[in-house]
Amino acid sequence: MSQTGRNAFPLPSEVAAVPGTEGWEDMYPYFSRFRPEDDKRFWFYNSMHFPEPLAAFGATTAEVPYTALGAFTTRVFVFPTVLGIEHRIVNGRVYITSHAVTDPEEIGRRLVEFQERAGFYYQNWTRLYGEWKERMEALIAEVSAIKVPELPEFDNIEMVLSGRGVAQNHYVREAYHRTIACLSTMWHHHFEFLMLGYGAYLVFFQFCKKAFPEIPDQMVARMVSGIDVLMFRPDDELKRLARCAVELGVDGQFAEGVSPADILAAMETLGEPGRRWIEELDRSREPWFNISVGDGFYHHHRSWNDDLSVPFAALPRYIRMVRKGESMDRPTNALRQERARIIEEYRALLPTDADRGAFDQMLGLCHTVFPYVEDHKFYCEHWFISVFFNKLREFGALLTRNGVLKSEEDIFQLRHQEIDEALCDLMLAWAAGAPCAGGQHWQPIVARRKEILERFKDWNAPPALGPLPDSVEDPAVQMLWGITSESLENWSRPPGGTDGNELKGFAASPGVVEGVARVLKTAAEIGEIRDGEILVCPVTNPSWGPVFGRIKAAVSDIGGTMSHAAIVAREYGMPAVVGTGQATKRIVTGQRLRVDGNTGIVTIL
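For every chain, the first residue of its written sequence is number 1, and the numbers climb from 1 along that sequence. Where local features are concerned, this predicted model is filtered to residues with pLDDT of at least 70; where side-chain atom pairs are given and counted, the filter is 80 or more; whole-chain, interface and lining totals use all residues. Remark: hydrogens and water are excluded; side-chain values derive from all non-hydrogen atoms of the structure.

Give a description of the sheet that holds strand β1 (residues 43-45) that names residues and reports values.
A pair of strands is labelled paired if DSSP reports no fewer than 2 bridges between them. A run of H or I in DSSP counts as a helix once it spans at least four residues, and a run of E counts as a strand once it spans at least two, with each numbered from the N terminus. Strand order in the open sheet formed by 4 strands is β2-β3-β1-β4, and the pairing between neighbours is antiparallel. Each edge of the open sheet carries a strand with a single partner, namely β2 (82-90) and β4 (464-465). Pairing between β1 and β4: 2 bridges, direction antiparallel. Bridging across to β4, Phe44 finds its partner in Ala464. Contact between two residues is taken to exist if any of their heavy atoms lie within 4.5 Å; hydrogens are not considered. To get an axis, a line is fitted to the C-alpha atoms, and for a helix only the part in contact is used. The angle between two axes follows their N-to-C directions and goes from 0 to 180 degrees. Along the sheet, helix α1 (residues 58-76) contacts β2 and β3 (93-100); its crossing angle with β2, the most-contacted strand, is approximately 165°.

Structure below.
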């Protein structure tokens, strides 16, 4: 039955195809499509990770992570109250739903397993995390080293002289399968620690909510602020390069709007100082510029290494700060002092030694495990994924050289199973000394899918689908995506509805400021930000790091108190309101705003 009323979302079955996109379903696997029984469940648009329509290969970047996430929560660590996530794709957008365990007997049965399994990781976290980093670096080296065969006219004579007995076309499929296998391995490594990191925080969060019924979510989050995480390192490297430029006397080459190519060309003419600065740049680039301008889910979100324009856009401001002797440091020490004050204040409210001991133990575990919640992003979503997508481009180049595709980027318009088919066609054609059939088959499909993606961009995806849940009990969904019963009610209202000039979200980072709004939809637009403005965006990711040194406050459509924007805003000591649902639709650049990070209210002045 169709829903009515201001709080209703469309049912999945009521979502119509975008005009002109007939046949879009063939872009994605059959199991990612909505089914009739899905109308009975609540789904929300995962615009945090998938803010744009997915190309055909993009379905893999949803499929593989959810395969790994569910495996670790449901089967490996056996979380007591939550299972995995199901996903569906409609009109190029990813919708997800979580599965909770509600039967007390089943929760108890799973709890026994979880305590033994998670307990082992918590007790050995430092050692296991050190081994995890080694495994991730080895995996990145492995995918980097995969060689895509060139398929020359005649195989290399060394194959004959070595008596290897395997021709080059065999390695095409082997190399591709290894590449995809590495992607799956990465996502398993990704979730090996992540859900445990969230789990430790959630246990502490729930303890605080029970012990201190009036405590704001933000106050609990501030007890783990002041952390030194790896995702700040790329931005720190830019600051280091700015200092080097001033010290070497080459800072005059950096000005707003000058292209990286022109700056590097100028450095070549400056003799030893220019050469030394380029050497320092090379030191930063590997590995720290392997950071995507997105969050690791879209092939066209290139890394800083692939496109230097994003990091170089931040250098002129940092150089000006160095010249003026201004600090570029985050207020980490002040945050740690404030953290200590908050911890002491709430700890003193606990009535017994046992309560204080439990508080200390849970908070200590949070301080141990929480850096992983941010650090893993560099290794997984950024460093590995940047290398992975470039490896796929090598397969795209192979198909392009042999007339199957028109450009290496077209490979991302094929599902990963279809790429396997196209490579098989190539292997057969090379073996037979005949032309590939792939060009006639795949090029029209690629062209049509590009048309469909363009039309998908105009679709205003509903924030959620299906019946409103009576309540949202999953704390991870609340804190990461910012989904609560209250936020869903706000989301279901039409933009510019009954709330006048106010938007309500999560009070993610304290403070109250007024300033001019700058609405940015993607990281490609961050060069438009001006000092002292208030950032309004759908969601942030680590590549937005340089922006936080320029703005007064941050406002996002998506996210809870443990989302990236919330965490980084707290580390920079600036107000933030996240999870507003409609900020980028109701606010325009140039409007004056008041952002109250204490109450979660954004006022359009």
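For the packing of aromatic side chains, give the residues involved together with the corresponding values.
For Phe, Tyr and Trp, rings pair up if their centres lie within 6.5 Å, where Trp contributes its six-membered ring, and each pair is then called stacked (planes under 30 degrees apart), edge-to-face (over 60) or tilted (otherwise). Taken as a whole, this structure holds 47 aromatic pairs when the rule is applied. Measuring from centroid to centroid gives 5.7 Å for Tyr129 and Trp132, while their planes differ by 45°, and the two rings are tilted. With Tyr129 and Trp132 both in helix α3 (residues 125-145) and 3 residues apart, this pair spans about one turn of that helix. Neither residue differs from the other here; Tyr129 and Trp132 are each classed as buried. For a ring to carry a charge above it, either NZ of a lysine or CZ of an arginine must fall within 6 Å of the ring centroid while also lying within 35 degrees of the normal to the ring plane. Its end group placed over the ring of Tyr129, Lys133 keeps NZ or CZ at 4.6 Å from the ring centre. When accessible area is computed with a 1.4 Å probe and restricted to protein chains, residues below 20% of their type maximum are described as buried, those above 50% as exposed, and intermediate ones as partly exposed.

Can you tell me about α3, naming the residues and giving the values?
Multiplying one less than the number of residues by 1.5 Å gives the expected span of a helix. In a regular helix each residue adds 1.5 Å, so 21 residues correspond to 30 Å; α3 covers 30 Å between its end C-alpha atoms and thus fits that length. When α3 is considered as a whole, its buried residues turn out to be Trp125, Leu128, Tyr129, Trp132, Met136, Leu139, Ile140 and Val143. The arc that holds the buried residues of α3, viewed along the axis, is 120°, so those residues lie on one side. Away from the buried face of α3 by more than 90 degrees, exposed residues Thr126, Glu134 and Ala145 are located. In this structure, the buried side of α3 is in contact with α2 (104-123), α5 (168-211) and α12 (353-401). Along the arc lie the directions from the helix axis toward the C-beta atoms.

Can you tell me about the environment of Trp544, naming the residues and giving the values?
Structurally, Trp544 can be placed in the loop between β8 (534-537) and β9 (553-556). Accessibility expressed as a relative area gives 2% for Trp544, which makes it buried. In this structure, the C-alpha to C-alpha distance between Trp544 and Met48, residues 496 residues apart in sequence, is 14 Å. In this structure Trp544 touches Val293, Leu520, Thr522, Ala523, Ile526, Leu535, Cys537 and Val539, once residues within four positions along its chain are discounted.

Break down the sheet that holds strand β7 (residues 512-519) for me, with residues and values.
One key point about sheets: their strands pair by backbone hydrogen bonds, in either a parallel or an antiparallel sense. As summarised here, the arrangement of the 8 strands in space is β5-β12-β11-β7-β8-β9-β10-β6, forming an open sheet in which the pairing is mixed. Of all the strands in the sheet, the pair left with one neighbour each is β5 (502-504) and β6 (506-509). Neighbour-to-neighbour, the strand axes of this sheet turn through a mean angle of 30°, independent of strand direction. Contacting β6 and β10 (576-578), helix α17 (residues 564-572) runs over the sheet at an angle of about 40° to β6.

Please give an account of the domain arrangement of the protein that cites residues and values.
By convention here, the domain bounds are inherited from an automatic or database domain assignment. Taken as a whole, the protein is organised into domain 1 (2-115 + 456-475), domain 2 (137-226 + 373-430), domain 3 (230-332) and domain 4 (483-604). For domain 1 versus domain 4, the separation of C-alpha centres amounts to 25 Å.

Let's hear about the packing of α2 against α3: which residues, and what values?
For the pair α2 and α3, interaxial distance at closest approach is 5 Å and the crossing angle is 80°. Regarding the angle of α2 to α3, the classification is roughly perpendicular. In this structure, α2 contributes Phe120, Tyr121, Tyr122 and Gln123 to the contact, and α3 contributes Trp125, Arg127 and Leu128. All residues other than Ala, Val, Leu, Ile, Met, Phe, Trp, Tyr, Cys, Pro, Asp, Glu, Lys and Arg, Gly among them, are scored as polar; the first ten of these are nonpolar and the last four charged. Of the residues that constitute the contact of α2 with α3, the class distribution is 5 nonpolar, 1 polar and 1 charged. Here the angle decides the label: under 35 degrees means roughly parallel, over 145 means roughly antiparallel, 65 to 115 means roughly perpendicular, and every other value means oblique.

Now, about the packing of helix α7 (residues 233-248) against helix α10 (residues 309-324): what can you tell me, with residues and values included?
Contact geometry of α7 with α10 gives a least axis separation of 8 Å together with a crossing angle of 55°. One way to sum up the angle between α7 and α10 is to call them oblique. By crossing handedness, the relation of α7 to α10 is classed as right-handed. Residues Asp235, Leu238, Lys239, Leu241, Ala242, Arg243, Ala245 and Val246 of α7 lie in contact with α10, whose contacting residues are Pro311, Ala314, Leu315, Tyr318, Ile319, Val322 and Arg323. Less than a right angle of anticlockwise turn of the near helix away from the far helix marks a crossing as left-handed, whereas a clockwise turn marks it as right-handed.

Explain the pattern of salt bridges residue by residue, including any values.
A side chain of one charge can pair with a side chain of the opposite charge if their charged atoms are brought near each other. Put simply, a salt bridge is a Lys or Arg side-chain nitrogen that is within 4 Å of an Asp or Glu carboxyl oxygen. One pass over the structure, following the stated rule, counts 42 salt bridges. Measuring nitrogen to oxygen at the nearest pair gives 3.6 Å for the salt bridge that ties Arg173 to Asp420. With Arg173 in helix α5 and Asp420 in helix α13 (residues 416-432), the pair connects residues that are 247 residues apart, well separated along the chain. According to the relative accessible area criterion, Arg173 is partly exposed, its value standing at 31%. A salt bridge links Glu237 to Arg240; the shortest N-O distance between them is 3.1 Å. On the criterion of helical spacing, the pair formed by Glu237 and Arg240 is a turn pair, its members being 3 residues apart in helix α7. Taken together, the shared-partner salt bridges connect Arg233, Glu237, Arg240, Glu280 and Arg283 into one network.

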